[in-house]
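The chain contents come next:
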Amino acid sequence: MVWGFESPSSHQQYFIFLDDFYMATAVETLGKLERRITISFPLTDVRTEVEKRLKVQARTAKAPGFRPGKVPLKMVAAQYGYRIETEVLNDKVGQAFNVAANENNLRVAGFPNIEPKQDSAEGVLAFDATFEVYPVVVIGDLGGVEIDTVKAEVSDAEIDKTIDILRKQRVHYHTKGEAGAHGDGGAEQSAQDGDRVAVDFIGTIDGAEFPGGKADDYTFVLGEKRMLPEFETAIIGLKVGEAKTFPLAFPADYHGKDVAGKTASFTITLKKLEWAHLPAIDAEFAKSLGVADGDLAKMRDDIKVNLEREVAGRVKARNKESVMDALIKVAELDVPKALIAQDSARLAEMTRQDMSKRGMNVKDVPFPPELFAEKSERRVRLGLILSQLVGDNNLQATPEQVKAQVEEFAQSYEDPREVLKYYYSDRNRLAEVEALVLEENVVNYVLGLSKVKLSAVAFDELMGSNAQQA
């Protein structure tokens, strides 16, 4: 924690040292969670500690014209005094507050706000420490809670659909009309849905070109909806070298504000036309998916195992969310604002780092923590509820549970031993696994007490858009 206060007698900062003496008032209750303590101590304690540290600094201090360690103490004070005073404050005001909090059996949530009192007695420094405490968490009767849970199965239809997706991911293109090992694309030699095209286009509005309305050799796949429907429709049926002029009405909510709601005249020339060739479902296809001997039955089994693992994870996540929603409804507590603010700031920084890793320039982009306040409030609330449940019911993650979870993670990797090493070589990584296991313990505990309604959910609904893209 960093503390900084202005001296009552100057604009320099003065700092508190409380090894030998301090006084703290009784705890004042300002609100449901907000408290205040006034701490005071002699100014001489500050000066004594600052002088002590200045003398230590003087042993190695350097200045032009003086040998190391021979710099006059006044020069040392001028050069290092501000920093040393700051260090004294950081070390000792925090210590004083912690002692006072411990003596009063206070569980402080977040960091205190410390401000100097202007009416302190001569020779005494006094400070008000305002802070929040952790709330009392009251969890209602879990036996009366109704929780909707889901289940899902992986059938041959899902396996077939996944194989089709995997084929599309491995699509390659050939020029239409040119004979090759995979044919010439068929009798239809004009542009159709699924074909990859390269076009030149130019658009005008009221006879004038506009930004973004012109391109050469622009390549895309018809039917993937990367372009406006009218644009793609105009290309359907064209052959290489053919051109077409057509009107295109931009939607009123189009992202390009200069053309939104306006009608343009486009001329398109088809430069290149390729047809899509999907790989056959054969031994070579199976080998491309990691099946060494190309056995198609084994390929289907592997796909089923992977899908079942993914489905199990999504079912678990969805059911966990239902449990968390139920806990929020049944638990009563006040959430410390300080914890929400800390978590909001953390989420803002995580978002900035994530976007930066994705190549976005967010150096000067503001990330107000307030944008994350609602999410943080839920996260903090759940954290307090889970902590209460775990402590009351001994739901901590055991070493055996953690190891089992890591081994489950390792199953989907080629070398499971490396995965075990990855987690057990870093305490922070292992702590993440422990947190997952702890949450699962809570979920199982709550489901074991509550009224559970189990419903089947369709594979596509569970997987969402990933069912079409994975």
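Parameters and conventions
Residues numbered from 1 in each chain as written. Predicted model: local features only at pLDDT ≥ 70, side-chain atom pairs only at ≥ 80, totals over all residues. Heavy atoms only, no water. Helix = DSSP H or I, 4+ residues; strand = E, 2+ residues; numbered from the N terminus. Contact = heavy atoms within 4.5 Å. pLDDT = per-residue confidence, 0-100. Buried < 20%, exposed > 50% of the residue type's maximum accessible area, 1.4 Å probe, protein only. Expected span 1.5 Å × (residues − 1). Bend = angle between axes of the 7 residues up to and from the residue. Salt bridge = Lys/Arg side-chain N within 4 Å of Asp/Glu carboxyl O. Axes fitted to C-alpha atoms, helices over the stretch in contact; angles between N-to-C directions. Parallel < 35°, antiparallel > 145°, perpendicular 65-115°, else oblique. Left-handed = near helix turned anticlockwise from the far one by under 90°. 1 Å grid on protein atoms, 1.4 Å probe; cavity = no way out; pocket = protein on both sides within 12 Å on 5 of 7 lines; lining within 4 Å. Points joined across faces, edges and corners; volume = space filled by probe spheres on them. Nonpolar A, V, L, I, M, F, W, Y, C, P; charged D, E, K, R; others polar.

Engineer: Looking at this model, I keep getting lost on the environment of valine 315. Mind explaining?
Structural biologist: Structurally, valine 315 is set in helix H6 (residues 296-330). Taking the C-alpha atoms as reference points, valine 315 and lysine 225, separated by 90 residues in sequence, lie 31 Å from one another. When sequence neighbours within four positions are dropped, the list of residues in contact with valine 315 reads Val150, Lys151, Ala152 and Leu462.

Engineer: Where do I start with the confidence of the model for the chain in this structure?
Structural biologist: A low pLDDT means the predicted coordinates there should not be read in detail. Here the chain averages 88 in pLDDT, while 94% of its residues score no lower than 70. Note that residues 1-20 has pLDDT below 50 and, in this model, 61 contacts with residues that lie over four places away or in other chains. When the criterion is pLDDT under 50, residues 465-470 qualifies, and its contacts beyond four places in sequence or with other chains add up to eleven contacts.

Engineer: Where do I start with the environment of glutamate 103 in this structure?
Structural biologist: If you trace the backbone, glutamate 103 turns up in helix H2 (residues 73-103). With a relative accessible area of 59%, glutamate 103 lands in the exposed category. Separated by 136 residues in sequence, glutamate 103 and lysine 239 place their C-alpha atoms 86 Å apart.

Engineer: Sorry, what's going on with unusual backbone geometry here?
Structural biologist: Glycine aside, a negative phi is what most residues show, and trans is what most peptide bonds show. Even without a glycine there, the phi angle at lysine 225 is positive, about 65°. When you line up the elements, lysine 225 lands in the loop between strand S10 (208-221) and helix H4 (229-235). Take lysine 225: its relative accessible area is 73%, and that puts it in the exposed class. Phi is positive for asparagine 394, close to 55°, though the residue is something other than glycine. Along the chain, asparagine 394 falls in the loop between helix H8 (373-393) and helix H9 (399-410).

Engineer: Is there a simple way to explain H2 in this structure?
Structural biologist: Because each turn of an α-helix spans 3.6 residues, side chains separated by three or four positions end up pointing in the same direction. Look at H2: only 39 Å from first C-alpha to last across 31 residues, short of the 45 Å you get at 1.5 Å a residue. Maximal helix bending in H2 amounts to about 65°, located at tyrosine 80.

Engineer: What exactly am I supposed to notice about the pattern of salt bridges here?
Structural biologist: Pairing between side chains of opposite charge can happen when their charged atoms approach one another. Applying the stated criterion across every chain yields a total of 30 salt bridges. The salt bridge involving arginine 196 is made with glutamate 274; its shortest N-O contact spans 2.7 Å. Placement of arginine 196 in strand S9 (residues 196-205) and of glutamate 274 in strand S12 (residues 263-277) is noted, with a sequence separation of 78 residues between them. Arginine 196 gets classed as partly exposed once you look at its relative accessible area, which sits at 27%. Between glutamate 274 and lysine 272 there is a salt bridge, with the nearest N and O atoms lying 3.7 Å from each other. Taking the relative accessible area as the measure of exposure, lysine 272 reaches 42% and is therefore partly exposed. Residues participating in the shared-partner salt-bridge network are Glu49, Lys52 and Arg53.

Engineer: What is the right way to read the packing of helix H1 (residues 43-58) against H2 from this model?
Structural biologist: When two helices pack together, their arrangement is given by the angle between the helix axes and the distance between those axes. With their axes 8 Å apart at the nearest point, H1 and H2 run at an angle of 125° to one another. The orientation of H1 with respect to H2, classified from their angle, is oblique. In this structure, the crossing between H1 and H2 has a hand that is right-handed. Along the contact surface, H1 presents Glu49, Val50, Arg53, Leu54, Lys55, Gln57 and Ala58, while H2 presents Leu73, Val76, Ala77, Tyr80, Gly81, Arg83, Ile84, Glu85, Glu87, Val88, Asp91 and Lys92.

Engineer: What exactly am I supposed to notice about the layout of surface pockets here?
Structural biologist: Within this model, the largest pocket holds a volume of roughly 1300 Å³. Asn306, Arg309, Glu310, Gly313 and Ser412 are the residues nearest the centre of the largest pocket, which is lined by 44 residues in total. Residue assignment for the lining of the largest pocket shows that the elements contributing at least two residues are helix H3 (156-169), H6, H9, helix H10 (416-424), helix H11 (427-449), helix H12 (459-463) and helix H13 (466-469). The element that contributes the greatest number of residues to the lining of the largest pocket is H6, accounting for 15 residues. Tallied by class, residues from the lining of the largest pocket come to 22 nonpolar, eleven polar and eleven charged.

Engineer: How should the packing of H3 against H6 be read in this particular structure?
Structural biologist: Two elements in contact, H3 and H6, have axes separated by 10 Å at closest approach and are oriented at 100°. Relative to H6, the element H3 lies roughly perpendicular. Residue-level inspection shows Asp156, Glu158, Ile159, Asp160, Thr162, Ile163 and Leu166 of H3 in contact with H6, the latter providing Met299, Arg300, Ile303, Lys304 and Leu307. Here the contact of H3 with H6 is built from residues that sort into six nonpolar, one polar and five charged.

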